There are 2 protein chains.
Amino acid sequence: MDEVFRKIGSKLTLSQKIERRIEAAIREKKLPVGSKLPTERELCESFGVSRTALREALRRLSARGLIEITKGSGMTVTGLKIDDAIQNLNLYYDMQFDHNLIAQIIEVRRLFEPEIASLAAKQRTQNDLSDIQDNIEAFKACNPDNIQMEADLDNKFHLLIAKATHNPIVQISMEPIYSLLPRMRNLIYANVEGEKDITLEYHLKIFDVINKQKSDEAAELMKVHLHRTMDIYQKYLHNSY
Amino acid sequence: MDEVFRKIGSKLTLSQKIERRIEAAIREKKLPVGSKLPTERELCESFGVSRTALREALRRLSARGLIEITKGSGMTVTGLKIDDAIQNLNLYYDMQFDHNLIAQIIEVRRLFEPEIASLAAKQRTQNDLSDIQDNIEAFKACNPDNIQMEADLDNKFHLLIAKATHNPIVQISMEPIYSLLPRMRNLIYANVEGEKDITLEYHLKIFDVINKQKSDEAAELMKVHLHRTMDIYQKYLHNSY
DNA sequence: ATTTGTAATACGTAGGACATTTAAACGAAT
DNA sequence: ATTCGTTTAAATGTCCTACGTATTACAAAT
């Protein structure tokens, strides 16, 4: 029997064990969102650990967005917010940002966004429509020299369409991708004469069919729109090597 | 102007400031992946803070997967792994798991997976094909009483197709979604007689067209396959209320 | 050459002390 | 009665010292 020599050391530090215990309790809703945790001293007592170890566990949890610690007041369980959930995903993409990733992003957008536009055409509310319209107006009025803002508004147009699906998973899936776009746009946008007008034209067309709830046409227009985007990118990529 | 009354206090604790400083350095690759950080004592000296504050910052970073701390050895910068990146996303979905979310997941799958199958048909390698084939064989051989394994294998089939696109963003986008499926399947799968054979049939068909690189047909088949899944699901939802 | 012992290094945990912030209770002025 | 300032208790933030424990490298013994 090798059973005799099986692992003894758990490898987990004390503070990691504490972290997991509390995380599990939150997952299982034994600690419901919004509830206050006992004070540090009380928790030390309960767990039978030093304040140091306990605090390091709490720092871990707050870094991940599971709890919120307020000096002088106490600690509360916070429902993980979207931003917390995608924070590390953003960082992940960010750290492997290269030209290869750019190509992959474009590919994903061409896969997903036509379908998203199609669903948006079905689900959009009046609220969504006015948001999109506002965005288009802002884009139209944007100073052509302000490339940063122009790119941001273009970016937001696509995000608003994702929102108009009223499916939060769609939004969460696309958000990290869109968050990378501004950095790409800056590289490219500047050098293409007349690109703004063409972009505007497509945005208007897409808005129109989403307004009229023509889902198939929305998908088709988005497909063509992104195809153009890709062309420009490839031209850029080609020139820069 | 509300500008007058904007926040003044930075509100950041010392350990949070330290966390951000180090995180920024990692982002900007001043601390490249794989490099060792100075020891705790040295960092205390550099930052001019106590060991407590510093350590709490380090705990935060390690909780998020940016650094790895080994007792007795030291600390190294680790490239954020995919699992770390989607860890909190999984938790996020997990905590708002309800029937509403299930419907949203199915909607997203119906939006994205046909396109994914289409791309997979173009990009798949021999390796992908044999992985998928192995999965289908395992599914075929799976004991019908083992519903858990059956569901897992079904799940993995779709994940393998996402992998076959050779676009990591596709994979990262879908992985959190698939991780929720097993829990749904368990609710549903058990009660449907003969479902396994039909699933198997579709998997075989899809494999065939991906093998032959017929991308349009792959998308179409996947669409029909998921349509069935939704039907079953809706039947279940209907019965249970 | 392999194994074992030993010391140096670095992170992990404990416990105490004090600072700072928050929130609640209280009281005084309008 | 409302508002504003003060006090006070409670909670987290930071610092410090000390010791525990795992890792590594190197020397010594076989």
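As the structure is a computational prediction, the values presented were derived from the model and not from experiment.

Caption draft 1: Representation of unusual backbone geometry within the structure. Backbone geometry at Lys29 of chain A places phi at a positive 60°, although glycine is not the residue there. Inspection of the secondary structure puts Lys29 of chain A in the loop between helix 1 (14–27) and helix 2 (40–47).

Caption draft 2: Representation of the protein's contact with DNA strand D. Around DNA strand D, 24 residues are found, and the nearest of them are Glu40, Arg41 and Arg59 of chain A together with Leu14 and Ser50 of chain B. Sugar and phosphate atoms constitute 67% of the interface atoms of DNA strand D, taking the interface as everything within 4 Å of the protein. Here Arg59 of chain A contributes a side-chain N or O atom positioned 3.0 Å from a phosphate oxygen of DNA strand D. Of all the secondary structure elements, the ones that give two or more residues to the surface near DNA strand D are helix 2, helix 3 (51–63), strand 1 (67–70) and strand 2 (74–77) of chain A together with helix 1 (14–27) and helix 3 (51–63) of chain B. Tallied by class, residues from the surface near DNA strand D come to five nonpolar, ten polar and nine charged.

Caption draft 3: Region of interest: the interface of chain A and chain B. Contact with chain A, which involves 45 residues of that partner, is made by 46 residues of chain B. The three residues of chain A that bury the most area against chain B are Tyr92, Met95 and Ile169 of chain A, which together make up 15% of that side's buried surface. In this assembly, chain A and chain B are joined by 16 residue pairs in polar contact (both at pLDDT 80 or more). If you tally residues by element for the side of chain A that touches chain B, the top one is helix 4 (residues 82–95) of chain A, at twelve residues. Classifying every residue of the side of chain A that touches chain B gives 25 nonpolar, seven polar and 13 charged.

Caption draft 4: Here's a closer look at the nonpolar core. Judged by nonpolar contacts, the single largest core of 132 residues is most densely connected at Ile161 of chain A together with Ile161 of chain B. Once residues lying within four places of it in the same chain are set aside, the contact partners of Ile161 of chain A are Ile116, Ala117, Ala120, Ile132, Ile206, Ile210 and Met222 of chain A.

Caption draft 5: Quick look at helix 3 of chain A. Residues and elements named next belong to chain A. With 13 residues, helix 3 extends 18 Å between its outermost C-alpha atoms, agreeing within 8% with the 18 Å of an ideal straight helix rising 1.5 Å per residue. Extensive coverage of helix 3 is indicated by the burial of ten of its 13 residues. Every buried residue of helix 3 is listed here: Ala53, Leu54, Glu56, Ala57, Leu58, Arg59, Arg60, Leu61, Ser62 and Ala63.

Caption draft 6: Region of interest: the packing of helix 6 (residues 126–141) of chain A against helix 7 (residues 147–164) of chain A. Residues and elements named next belong to chain A. Where helix 6 contacts helix 7, the two axes come as close as 10 Å, and the packing angle between them is 170°. Put simply, helix 6 runs roughly antiparallel to helix 7. Judged by residue contacts, Asp128, Asp131, Ile132, Asn135, Ile136, Ala138 and Phe139 of helix 6 engage Glu150, Leu153, Asp154, Lys156, Phe157, Leu160, Ile161 and Ala164 from helix 7. Across the contact of helix 6 with helix 7, the residue classes break down as nine nonpolar, one polar and five charged.

Caption draft 7: Layout of the protein's contact with DNA strand C. Taken together, 25 residues sit near DNA strand C, with Leu14 and Ser50 of chain A together with Glu40, Arg51 and Arg55 of chain B positioned nearest. Sugar and phosphate atoms represent 71% of those atoms of DNA strand C found within 4 Å of the protein. Between a phosphate oxygen of DNA strand C and a main-chain N or O atom of Leu14 of chain A, the distance comes to 2.4 Å. Here a phosphate oxygen of DNA strand C sits 3.1 Å away from a polar atom, N or O, in the side chain of Arg59 of chain B. Those elements that provide at least two residues to the surface near DNA strand C are helix 1 and helix 3 of chain A together with helix 2 (40–47), helix 3, strand 1 (67–70) and strand 2 (74–77) of chain B. Per-class residue counts for the surface near DNA strand C are five nonpolar, eleven polar and nine charged.

Procedures and definitions
- Residues numbered from 1 in each chain as written.
- Chains lettered and ligands numbered in written order.
- Predicted model: local features only at pLDDT ≥ 70, side-chain atom pairs only at ≥ 80, totals over all residues.
- Heavy atoms only, no water.
- Helix = DSSP H or I, 4+ residues; strand = E, 2+ residues; numbered from the N terminus.
- Near = heavy atom within 4 Å.
- Polar contact = N/O pair within 3.5 Å; in protein donor to acceptor, adjacent residues only side chain to side chain.
- Nonpolar A, V, L, I, M, F, W, Y, C, P; charged D, E, K, R; others polar.
- Contact = heavy atoms within 4.5 Å.
- Buried area = accessible area lost by both parts, 1.4 Å probe.
- Core = buried A, V, L, I, M, F, W, Y, C linked by side-chain atoms within 4.5 Å.
- Buried < 20%, exposed > 50% of the residue type's maximum accessible area, 1.4 Å probe, protein only.
- Expected span 1.5 Å × (residues − 1).
- Axes fitted to C-alpha atoms, helices over the stretch in contact; angles between N-to-C directions.
- Parallel < 35°, antiparallel > 145°, perpendicular 65-115°, else oblique.

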